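Below, each chain spelled out in residue letters.
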Amino acid sequence: MSSTAATTHLWLREETKPMEHRAALSPEVCKKLLADGNFEITVEESKERIFADSEYAEVGCRIVPDDSWRTAPQDAIITGLKELPENDTTPLPHTHIMFAHCYKRQAGWKDVLSRFVEGKGLLYDLEFLQDDSGRRVAAFGFYAGFTGSAVGIDAWCHQQLHAGEKYPVIKPYPNEDVLIAETKEKLAKVGKMPKIMVMGALGRCGSGAVSYARKAGIPEENIVKWDMAETAKGGPFQEIMDVDIFVNCIYLSSQIPPFVTQAQIDSERQLSVIVDVSCDTTNPFNPIPIYNVNTTFDDALIDIKTTNPKPLQLCSIDHLPTMLPREASNQFASDLLPTLLQLPARETAPVWTRAEKLFHEKVESMATTD
């Protein structure tokens, strides 16, 4: 079976990452793509996705069994959000759109790219779909910061109200109003407000973190907003030790001095919660070099080893926006829509030609990198 002539065939695969409820394509965006007349869309069944299969069927998408993308027509563009399972090493003959997390030399990056080389496939990495000014055309940044701030405040409240008890499993919320109401209720029980620092406060992610703190009722004077001007002097920064919650929202593109050191956290500090939204966990330039593992919604916080008796817990969940999967997916897919509409002309459309060129450059770099 092959795709209809002269149409671009998008194949929305089921996400395999645990607790991932978002989707790269929302039913509303699928409806608009189909109305354009140049697309056909196949959607895999999913019990985890925030949108019901019926929502896609109602707008004209074809529904197929989960994990059937492997035998999809060769010209189908396999579309997803998160990376494929690490234990899957089969060659990839299709074109894929996803966050592959392999362009910044993360752990296992060569293994991921080698699958495309062996299958003669192509990767359009969502993180590197950029406009002419170099800005990403679509990102979950705002909701990553928004939900990261929520987790940080909630973890701090848990420390105050249930010291020594394990932090509970994080589950998705039907909408942000429910999440905000829960945070306000817990802050009221604590009876005081934390001081929170947002690093990268002027970016998409940082603005989301600041927004959540404000919506939760934290006073403006308790929200410390830092960006490139404040960090220009180079870390580490004592100011991070002087707040209760540190939310890191920077986009790391090159080596920088660390924000935090072991010596600092072993010394006198107010800090008790770090949320590393950026999650450059395995990046050799990680500016928070006091941990090296990602946390999960089932086990959201790790206890950082320190000689200071005051606890320090860190969250490094790398898909935080799935806490608010409907809002996050709708916003992301809507931002991505204008670029998707250019897919039929991807051989000349600059966003797509740049992404393809970058893929080939990264593949070539494997030969010259240890």
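This one's a predicted model, so the numbers in the text were calculated from it and none came from an experiment.

Caption draft 1: Representation of the nonpolar core. Leu 129 and Ile 153 are the most contacted members of the largest nonpolar core, which totals 98 residues. For this core, the element with the highest residue contribution is helix H4 (residues 141-161), accounting for nine residues. Leave out the neighbours within four places in its chain, and Ile 153 touches Thr 183, Leu 187, Ile 196, Tyr 212, Ala 213, Ala 216, Ile 218 and Ile 245. One finds Met 197, Phe 237, Val 260 and Tyr 291 within the second-largest nonpolar core, a separate group that totals 22 residues.

Caption draft 2: Representation of empty space enclosed by the protein within the structure. Applying the stated rule across the entire model yields one cavity of 30 Å³ or more. Estimated volume of the largest cavity: approximately 30 Å³. Surrounding the largest cavity, Glu 14, Glu 15, Glu 20, Arg 22, Ser 46, Glu 48 and Arg 49 form its lining.

Caption draft 3: Representation of unusual backbone geometry in the model. Residue Pro 236 is reached from Gly 235 by a cis peptide bond, and omega for that bond is 0°. Mapped onto the elements, Pro 236 comes out in the loop between helix H7 (228-231) and helix H8 (238-241). One non-glycine residue, Arg 105, lies in positive phi territory at about 60°. With respect to the helices and strands, Arg 105 occurs in the loop between strand S5 (95-98) and helix H3 (109-119). Even without glycine at this site, Cys 279 takes up a positive phi of about 55°. Inspection of the secondary structure assignment puts Cys 279 in the loop between strand S10 (273-276) and strand S11 (302-303). A relative accessible area of 16% places Cys 279 in the buried class.

Caption draft 4: Structural context of the layout of surface pockets. Put simply, the second largest pocket is a space of about 400 Å³. Lining the second largest pocket are 24 residues, and of these Gln 159, Ala 163, Gly 164, Pro 311 and Gln 313 sit closest to its centre. Within the lining of the second largest pocket, the residues separate by chemical class into eight nonpolar, eight polar and eight charged.

Caption draft 5: Expanded view of the UniProt feature "active site" (unreviewed entry) in the chain. What UniProt calls "active site" (unreviewed entry) maps, in this numbering, to Lys 82 and His 101. A maximum C-alpha distance of 8.5 Å among these annotated residues, which run over 20 residues, shows that they cluster at one spot. Structurally, Lys 82 is set in the loop between strand S4 (77-79) and S5. Its relative accessible area of 3% is what places Lys 82 among the buried residues. Structurally, His 101 is set in the loop between S5 and H3. Judged by its relative accessible area of 27%, His 101 is partly exposed.

Caption draft 6: How the structure looks around the packing of aromatic side chains. In this structure the tally under the stated criterion is 14 aromatic pairs. The interplanar angle of 70° and the centroid separation of 4.8 Å between the aromatic rings of Tyr 124 and Trp 352 together place this pair among those described as edge-to-face. Of this pair, Tyr 124 sits in strand S6 (residues 122-125) while Trp 352 sits in helix H11 (residues 350-365), and the two are 228 residues apart along the sequence. Residues Tyr 124 and Trp 352 agree in their burial class; the two are buried. Put simply, the rings of Phe 142, Tyr 143, Phe 146 and Tyr 212 touch in pairs and so form one group of aromatic residues. Across the ring face of Phe 140, the terminal group of Arg 22 is positioned such that the distance to the ring centre comes to 4.3 Å.

Caption draft 7: Expanded view of the sheet that holds strand S3 (residues 62-64). With parallel pairing, the six strands of this open sheet are ordered in space as S3-S2-S1-S4-S5-S6. Of all the strands in the sheet, just S3 and S6 have a single pairing partner and so form its edges. Taken pair by pair, the neighbouring strands of this sheet meet at an average axis angle of 25°, ignoring direction. Helix H1 (residues 27-36) rests against strand S1 (8-12) and strand S2 (39-44) of the sheet, and its axis sits at about 150° to S2.

Calculation notes
All residue numbers refer to position in the chain's written sequence, counted from 1. With pLDDT at 70 or above as the cut-off, local features in this predicted model cover only qualifying residues; side-chain atom pairs require 80 or more to be listed or tallied, and sums for whole chains, interfaces and linings still use all residues. Based on all heavy atoms of the structure, the side-chain values leave hydrogens and waters out of the count. Joining through side-chain atoms within 4.5 Å is the link that ties buried Ala, Val, Leu, Ile, Met, Phe, Trp, Tyr and Cys residues into a set, and such a set is a nonpolar core. Accessibility here uses a 1.4 Å probe with only protein chains present; expressed as a share of the type maximum, an area under 20% marks a residue as buried, one over 50% as exposed, and anything in between as partly exposed. We count a stretch as a helix when DSSP gives it H or I for four or more residues in a row; a strand needs E for two or more, and each element gets its number in order from the N terminus. Here, residues are in contact when the closest pair of their heavy atoms is within 4.5 Å. The distinction between a cavity and a pocket rests on a 1 Å grid over the protein atoms alone: a 1.4 Å probe fits inside a cavity but cannot get out, while a pocket stays open yet meets protein on both sides within 12 Å along at least five of seven lines, and a residue with an atom within 4 Å of a point counts as lining. Grid points are joined across faces, edges and corners, and a volume is the space filled by probe spheres set on the points. We call Asp, Glu, Lys and Arg charged. Ala, Val, Leu, Ile, Met, Phe, Trp, Tyr, Cys and Pro are nonpolar, and the rest, Gly among them, are polar. UniProt positions are given in the numbering used here, feature names are shortened, and annotations may be inferred rather than shown by experiment. A pair of Phe, Tyr and Trp rings is counted when the ring centres sit within 6.5 Å of each other, with Trp represented by its six-membered ring. The angle between the planes then sorts it: under 30 degrees is stacked, over 60 is edge-to-face, the rest tilted. Only when the NZ atom of a Lys or the CZ atom of an Arg is both within 6 Å of the ring centre and within 35 degrees of the ring normal do we say a charge sits over the ring. A pair of strands is considered paired only if DSSP assigns at least 2 bridges between the two. Lines fitted to the C-alpha atoms define the axes, with helices restricted to the stretch that makes contact. Angles between their N-to-C directions range from 0 to 180 degrees.

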